[in-house]
Amino acid sequence: MNHSQSERAMAMHTVDEELLEAAFSYLEQRIRISPAPLDRPGDRQELSAVLADAINAEGNDPRKVLEIYASHLAPTVISADSPRFFAFAPNAPTKASLLLDMIVSCSSLQGISWLEAAGVVAAEEQALRFLTGLAGMPEQSRGCFVSGGTMAALSAFVVARDAAPASGGNSWVVLGDQTHSSIAQSAKVVGAQPLKILTEAGRITRQPLVAALDSLPPGDRVIAVAGTAGTTNAGQVDDLAAIADVCHEREIWFHVDAAYGGAALLAPSRQALFTGIERADSLVIDPHKWFFAPYDCAALLYRNPVLARRAHTQEAPYLDAIHEQDDEWNPADLAHHCSRRARGLPFWFSLAVHGTDAYRDAVERALWLAAQMAELVEREPQLDLIRRPDLSVVLFRRRGWERADYERWARELLDQQIAFVTPTMWNGQTVARMAFVHPATTAEILTEVIQSTLGPSQAA
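Residues numbered from 1 in each chain as written. Predicted model: local features only at pLDDT ≥ 70, side-chain atom pairs only at ≥ 80, totals over all residues. Heavy atoms only, no water.

Visitor: For this particular structure, what's the right way to read helix H16 (residues 443-452)?
Guide: Turn by turn, an α-helix covers 3.6 residues, leaving residues three or four places apart pointing in a common direction. If you check which residues of H16 are buried, you get Ile445, Leu446, Val449 and Ile450. Down the axis of H16, the sector holding all buried residues measures 140 degrees, keeping them to one side. Buried residues in H16 make contact with helix H14 (356-379), strand S8 (383-385), helix H15 (403-415) and strand S11 (429-435). (Buried < 20%, exposed > 50% of the residue type's maximum accessible area, 1.4 Å probe, protein only. Helix = DSSP H or I, 4+ residues; strand = E, 2+ residues; numbered from the N terminus. Arc of directions from axis to C-beta. Contact = heavy atoms within 4.5 Å.)

Set out below in structure tokens:
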């Protein structure tokens, strides 16, 4: 390697003062925006043209590249942290969590093991203990932060599969017809077939669960039953106590997906819905949903973490150093990952800064917004409320509308920057769906959305 090549290689790891100033300026501007704009999808041809020469042999002026991001890429990303974002599962990170996330990235922090990142692991463990305590799980419960509910379910099912008795037949994971799609997908990855329970009201209860289990051929095994504490589609909570009873009677792993709904454990008015969650063998709560953390942050919690460590610890000569102490719980050993960013640290930081009472109040605010939206729907003769919201998801129907009408309505709301909504299906019919998370959503925004549904249908 000649001198110029060495200089070019080392230059990548030095600070460009002008870029530093420009980047900090952009970061400050973005984090000060309140409320965040919705923005809109981009045009593929326009983006292709903008990016055409971005990657080349010689590189570019870094300020020019930052300008490409700020002016062309960022505006084409719909902001999940906007108080007008009601589709899918919104994301409303606190400013404190965003700032710490910047520090995590800037510091090249990782969270693999106690040896390499004791401070990170200790803080993440404190945040995890807060969640296990909130759910009422035993003191010995432990876990780690993974990228999302899908990775959490996959990791949990690996443990459940390894802990289940051996069988010469098929393996199954039992789930409901409103269970998140990641559960069935994760079951398939670990070699199990998903067995879906067709529920009448969208909730798994004892009778259909027992009937499903009894329908399986002799010799087959069920590695897990997946209950949901807050379905993504409608915000429903399964009869967790009944599922826990059945799993205990039959010695089956009980997994609870509370990725979205787990934050409602903070609300005194909703705690009764979650009875039985404390008996879960594995539990998932995503702070990047209703616990106001940045993407990507999901907490995977185990009743018996020894089983998880047995299933997930990777053995290699270069990893021996992190496994010398049996009383150390390395995050890398508790899920299907090894290298991992310190994704739980921003959540911990925000909890420490704001306190759990503020989190409770923010969750209660979302529940109040959902109740307000339901009342507005019920006042309008042209609208039908599908069901009273259990948590913060509201489903409603506009009389006379077909699928194309809902899609047109959603496009117009986004074009006008009023809201981002997406339709869904309920009992075979297209309906409107709104999920509330952001405490800065106002009653005026709800009124705007309601008014947008009252004009005549003009489907494109």
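Alright, that's what it looks like, and here's the rest.
Visitor: It is not clear to me how the environment of His337 should be interpreted in this structure. Could you clarify?
Guide: Structurally, His337 can be placed in the loop between helix H12 (305-312) and helix H13 (345-354). Classification of His337 as buried rests on a relative accessible area of 12%. Sequence spacing of His337 and Ser147 is 190 residues, and the spatial spacing of their C-alpha atoms is 9.8 Å. At a separation of 2.8 Å, a polar atom in the side chain of His337 contacts the main-chain carbonyl oxygen of Pro331. (Polar contact = N/O pair within 3.5 Å; in protein donor to acceptor, adjacent residues only side chain to side chain.)

Visitor: Just checking my understanding: could you explain the sheet that holds strand S10 (residues 424-426) for this structure?
Guide: Pairing between the strands of a sheet is mediated by backbone hydrogen bonds and can be parallel or antiparallel. Spatial strand order, S8-S9-S11-S10: four strands in an open sheet with antiparallel pairing. Bordering the open sheet on either side are S8 and S10, each of which pairs with just one other strand. Within this sheet the neighbouring strands show an average axis-to-axis angle of 45 degrees, counted without direction. When S10 meets S11, the two strands line up antiparallel, connected through three bridges. Its bridge partner lying in S11, Thr424 is registered against Val431. The sheet strands contacting H15 are strand S9 (393-398), S10 and S11, and the helix crosses S11 at an angle near 25 degrees. (Pairing = 2+ DSSP bridges. Axes fitted to C-alpha atoms, helices over the stretch in contact; angles between N-to-C directions.)

Visitor: Please clarify how a nonpolar patch on the surface should be interpreted in this entry.
Guide: A contiguous nonpolar patch, built from Val15, Leu20, Phe24 and Leu27 and spanning about 360 Å² of accessible area, is present on the exposed surface. Along the chain, the position of Phe24 falls in helix H2 (residues 17-32). (Patch = residues over 30% accessible without salt bridge, like charges linked within 9 Å, V, L, I, M, F, W, Y side chains within 5 Å. Areas by Shrake-Rupley, 256 points an atom, 1.4 Å probe, with all protein chains shown as cover. Salt bridge = Lys/Arg side-chain N within 4 Å of Asp/Glu carboxyl O.)

Visitor: Even after reading the chapter, I still don't get the packing of helix H5 (residues 95-106) against H13, so can you show me in this structure?
Guide: For any two helices packed against each other, one specifies the crossing angle of their axes together with the interaxial distance. In the contact formed by H5 and H13, the axes pass within 8 Å of each other and the chain directions differ by 140 degrees. The angle between the axes of H5 and H13 places the two elements in the oblique class. Considering the relative orientation of H5 and H13, their crossing is right-handed. Contact residues: H5 offers Ala96, Ser97, Leu100, Asp101 and Val104, while H13 offers Leu345, Pro346, Phe349, Ser350, Val353 and His354. Of the residues assigned to the contact of H5 with H13, the class counts are seven nonpolar, three polar and one charged. (Parallel < 35°, antiparallel > 145°, perpendicular 65-115°, else oblique. Left-handed = near helix turned anticlockwise from the far one by under 90°. Nonpolar A, V, L, I, M, F, W, Y, C, P; charged D, E, K, R; others polar.)

Visitor: Help me understand the nonpolar core in this model?
Guide: The nonpolar side chains of soluble globular proteins are, as a tendency, buried together. Formed by 64 residues in total, the largest nonpolar core has its most connected members in Leu209, Val256, Ile277, Leu283, Trp290 and Phe347. Those residues in contact with Ile277 that lie beyond four places of it in its chain are Ala135, Ala229, Leu240, Val256, Ala258, Leu265 and Leu283. Counting residues in hydrophobic clusters, the runner-up holds 31 residues, among them Ala160, Val173, Ile183 and Ala259. (Core = buried A, V, L, I, M, F, W, Y, C linked by side-chain atoms within 4.5 Å.)

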